[in-house]
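Given next are the chains, with one letter for each unit.
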Amino acid sequence: MLRKDARNILLAWLLLSLFALSGCMPSAAPQKKQPPTFFPPAPSLPRYQFLRSFNGSADFAKKASGLAAFIGVRGRRGFVFKKPYGVEMQKGVLYVCDSMNTVFTLNFAKQKFAPLAGAQGMGKLVEPLNIALDKEGNKYVADPVRSQVLKYDKRDFFVKSYSNPDAWKPVAVAVYGTNLFVVDGTHNKGRVQVFDIKSGSLVDSIGNSGEENTKLRIPVDIAFDPEGYMYVVDMGRFQVVKYDRDGHYRGSLGSAGSSFGHFGRPKGIAIDHDGRIYVADAAFNNVQVFATNGQVLTAFGNLPLDKPGSMNLPAGVAINYDSVDYFKQYAAPGFKIQYLIIVANQFHPYSSINVYGFGRMVGKTYPSDQELLDKYMRELRRKGKAAE
């Protein structure tokens, strides 16, 4: 009799479970798919699409791995970036300089989130601000607290450090040819120190001599264009200053102001293969895009914080061509991505790292950069006449 009662209880439990699974009990509503975020917005033809964001390990992989245990990259919610600053990407690996922690790697091929393996012991980072990569996969990280640039090889092992005989504040770094160009952000004594990569010896200093209007004040980032010209973001001048590799001043773009084409707090810089110049501005919460002649083309990112693709105190910006395939799944139908733009937000409640795609809708005719510039100049002249 007891066995029969047990069978009846078990049968009742199974029927109740099936009843619940059949949909007669409340269930979670399916997540609504967000419409794509384009810049510029409709009805203009889109050139930039926000693809996705990363806030930490939980947005990338289910489990942190490797050396994560040593710095607490574990827990119920995973690791969350504290204050990301510089970013770079190469061959499916995204490198994030978390300035209050270390450099993290997001490997899309292996779906692995981990701290940079060599950033311990002799290679331990204190305040990693910016990172540069060379063609062989070596990494160069500027750390102003250590007063050094630290080099890691393609396997992420620590190799050596670059130091300056004088007091300095290395805040950004770029590789060109056989030289390492390091931005010294010392207040009102800014310069770019040039090192021979192999020997580590200091070979030149740029931006701290000559006429006053050619000198750097508070430089914060650096990039090279396809022709080899060097562009330095100077937060003290509210400009991007252009030099050749020998240190000759070649002009500047932007100025202090709150309107389109001006800067409030310029930070990171990146330049694409066609010479378009991308400058992140922490005051305007956007990235402005300039033509090679210094004229502004467009801007993107300035949205309310709860909107996809918004920025908050953006710092580092990077451009990548070889990892587009990992993000094609996020592109809107018909939008063909040509390259990626990665932006680090220092303090964003939802999106520490944003990834955007530069591209165009298939079958649409887009104006050239020159046509955009001509349109912009006509609009400026029209506004000028209206104000008279």
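This text follows the structure it describes.
A brief look at the structure comes next. This one's a predicted model, so the numbers in the text were calculated from it and none came from an experiment.

All right, on to the overall build of the protein then. Check the secondary structure of the protein and you find 2 helices and 25 strands. Relative to its 388 residues, the protein shows a buried fraction of 48%. In the protein, the proportion of contacts linking residues at least 24 apart, taken out of those at least 6 apart, comes to 50%. Of the roughly 20,000 Å² that the protein leaves accessible, carbon and sulfur atoms contribute 53%.

In this chain, Phe39 is followed by Pro40 through a cis amide linkage whose omega measures -10°. One can find Pro40 in the loop between β1 (37-39) and β2 (48-54). The omega angle of the peptide bond from Ala42 to Pro43 is 15°, so this bond is cis rather than trans. For Pro43, the location among the structural elements is in the loop between β1 and β2. Even without being glycine, Asp156 reaches a positive phi, approximately 75°. Along the chain, the position of Asp156 falls in the loop between β9 (148-152) and β10 (158-162).

Taken together, the side chains of Lys375, Arg378, Arg381 and Lys385 define a basic patch exposed on the protein surface. In this fold, Lys385 is placed in helix α2 (residues 369-387). For Lys385, a relative accessible area of 63% puts it in the exposed group.

Glancing now at the pairing of strand β3 (residues 84-90). When you tally the buried positions in β3, you get 6 out of 7 residues, the bulk of the element. Where β3 folds back onto strand β4 (residues 93-98) in an antiparallel hairpin, the turn is made up of 2 residues, including Lys91, whose phi is positive at roughly 50°.

A separate point is the pairing of strand β5 (residues 103-107). Two faces make up the sheet, and in a regular strand the side chains alternate between them. Here β5 lies mainly inside the structure; 5 of its 5 residues are buried. In the sheet, β4 pairs with β5 via 5 bridges, with the strands oriented antiparallel. Along β5, the bridge assignment pairs Tyr95 with Thr105. Where β4 hands over to β5, the hairpin turn is made up of 4 residues, counted between the paired strands.

Another aspect to go through is the sheet that holds strand β22 (residues 296-300). In space, the 4 strands of this open sheet follow the order β19-β20-β21-β22, with antiparallel pairing throughout. Strands with a single pairing partner mark the edges of an open sheet, and in this sheet they are β19 (266-271) and β22. The mean inter-strand angle of the sheet, taken between neighbouring strand axes irrespective of direction, is 20°.

This part takes up the sheet that holds strand β6 (residues 112-115). Strands sit in the order β3-β4-β5-β6 across an open sheet of 4 strands; the sheet is antiparallel. Pairing within the sheet leaves two strands with one partner each, and these edge strands are β3 and β6. Each strand of the sheet is rotated relative to its neighbour by a mean of 20°, with strand direction disregarded. Pairing of β5 with β6 involves 4 bridges; the strand directions are antiparallel. Along β6, the bridge assignment pairs Leu106 with Phe113.

Take the pattern of salt bridges next. Scanning the entire structure with this criterion turns up 9 salt bridges. Note that Arg191 and Asp184 form a salt bridge whose closest N and O atoms lie 2.7 Å from each other. Classification of Arg191 as buried rests on a relative accessible area of 11%. A salt bridge links Arg276 to Asp274; its shortest N-O distance comes to 3.5 Å. The class of Arg276 is buried, set by a relative accessible area of 10%. Judged by relative accessible area, which is 56%, Asp274 ranks as exposed. Connected through shared salt-bridge partners, Asp272, Asp274, Arg276 and Asp369 make up one network.

All right, on to the environment of Gly316 then. Tracing the backbone shows Gly316 in strand β23 (residues 314-320). Measuring from C-alpha to C-alpha, the distance between Gly316 and Ala270 comes to 8.7 Å, with 46 residues separating the pair along the chain. Excluding its chain neighbours within four sequence positions, the residues that come into contact with Gly316 are Tyr85, Gly86, Val87, Gly268, Ile342, Val343 and Ala344.

Okay, the side chain of His348 next. With respect to the element layout, His348 can be found in the loop between β24 (335-345) and β25 (353-361). By relative accessible area, which is 8% here, His348 ends up buried. A distance of 2.9 Å separates polar atoms of two side chains, one belonging to His348 and the other to Ser310. Not counting chain neighbours up to four residues away, the residues in contact with His348 comprise Asn55, Leu305, Ser310, Met311 and Asn312.

Procedures and definitions
Residues numbered from 1 in each chain as written. Predicted model: local features only at pLDDT ≥ 70, side-chain atom pairs only at ≥ 80, totals over all residues. Heavy atoms only, no water. Helix = DSSP H or I, 4+ residues; strand = E, 2+ residues; numbered from the N terminus. Buried < 20%, exposed > 50% of the residue type's maximum accessible area, 1.4 Å probe, protein only. Contact = heavy atoms within 4.5 Å. Areas by Shrake-Rupley, 256 points an atom, 1.4 Å probe, with all protein chains shown as cover. Patch = residues over 30% accessible without salt bridge, like charges linked within 9 Å, V, L, I, M, F, W, Y side chains within 5 Å. Salt bridge = Lys/Arg side-chain N within 4 Å of Asp/Glu carboxyl O. Lys, Arg positive; Asp, Glu negative; His and termini not counted. Charge placed at Lys NZ, Arg CZ, Asp CG, Glu CD. Pairing = 2+ DSSP bridges. Axes fitted to C-alpha atoms, helices over the stretch in contact; angles between N-to-C directions. Polar contact = N/O pair within 3.5 Å; in protein donor to acceptor, adjacent residues only side chain to side chain.

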